[in-house]
Amino acid sequence: MPSVKCAVSNCVYHQVGNLCGADTIMIDIDEHANASYDQEFAGENFSDNHKDTAKNESNTCCHTFKPKKTS
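Structure report, in brief. It should be emphasised that the depicted structure is a prediction, and the values quoted were computed from it without experimental measurement.

1. Some words on the overall build of the protein chain
Argument step 1. Within the protein chain, the regular secondary structure consists of zero helices and four strands.
Argument step 2. Along the protein chain, helices and strands appear, N-terminal first, in the series β-β-β-β.
Argument step 3. Burial statistics for the protein chain: of 71 residues in total, 20% are counted as buried.
Argument step 4. The contacts in the protein chain between residues at least 6 apart in sequence include a share of 53% that link residues at least 24 apart.
Argument step 5. Split by element, the accessible area of the protein chain, about 5,500 Å² in all, is 48% carbon and sulfur.

2. Re the side chain of Thr-64
Argument step 1. For Thr-64, the position within the fold is in the segment after strand 4 (60–62).
Argument step 2. For Thr-64, a relative accessible area of 1% gives the class buried.

3. Some words on unusual backbone geometry
Across the chain, the bulk of peptide bonds are trans and the bulk of non-glycine residues have phi less than zero.
Argument step 1. Phi is positive for Asn-18, which is not a glycine, with a value near 55°.
Argument step 2. Taking relative accessible area as the criterion, Asn-18 reaches 32% and is therefore assigned partly exposed.

4. Topic: the side chain of His-14
Argument step 1. Within the secondary structure, His-14 is located in strand 1 (residues 14–15).
Argument step 2. His-14 has contacts with Cys-6, Ala-7, Val-8, Ser-9 and Leu-19, leaving out every residue within four places of it along the chain.

5. Points about the environment of Thr-64
Argument step 1. Separated by 44 residues in the primary sequence, Thr-64 and Cys-20 have C-alpha atoms spaced 9.6 Å apart.
Argument step 2. Among the polar contacts made by the side chain of Thr-64, one reaches the main-chain amide nitrogen of Met-26 at a distance of 2.6 Å.

6. Considering the environment of Gly-21
Argument step 1. Topologically, Gly-21 is positioned in the loop between strand 2 (19–20) and strand 3 (27–29).
Argument step 2. Residue classification places Gly-21 among the partly exposed residues on the basis of a relative accessible area of 30%.
Argument step 3. Distance from Gly-21 to Cys-11, taken between C-alpha atoms, is 9.9 Å for residues ten residues apart in sequence.

Rules used in this analysis
- Residues numbered from 1 in each chain as written.
- Predicted model: local features only at pLDDT ≥ 70, side-chain atom pairs only at ≥ 80, totals over all residues.
- Heavy atoms only, no water.
- Helix = DSSP H or I, 4+ residues; strand = E, 2+ residues; numbered from the N terminus.
- Buried < 20%, exposed > 50% of the residue type's maximum accessible area, 1.4 Å probe, protein only.
- Contact = heavy atoms within 4.5 Å.
- Areas by Shrake-Rupley, 256 points an atom, 1.4 Å probe, with all protein chains shown as cover.
- Polar contact = N/O pair within 3.5 Å; in protein donor to acceptor, adjacent residues only side chain to side chain.

This is the structure in structure tokens:
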């Protein structure tokens, strides 16, 4: 599995060295930022198999993000 770098430290999958620890990573275009894929993360099913193209890296978003619980 390739290493995925991520600087979003409040995600439950964030690991030391800014690595993503999720088993599966779902990345989509910003146009679908609020889409719900009925996903289950880190075990990981994504029911949607659509394909899109992004104009550049700033037009993408990570759907794998899951916030850490705060005490």
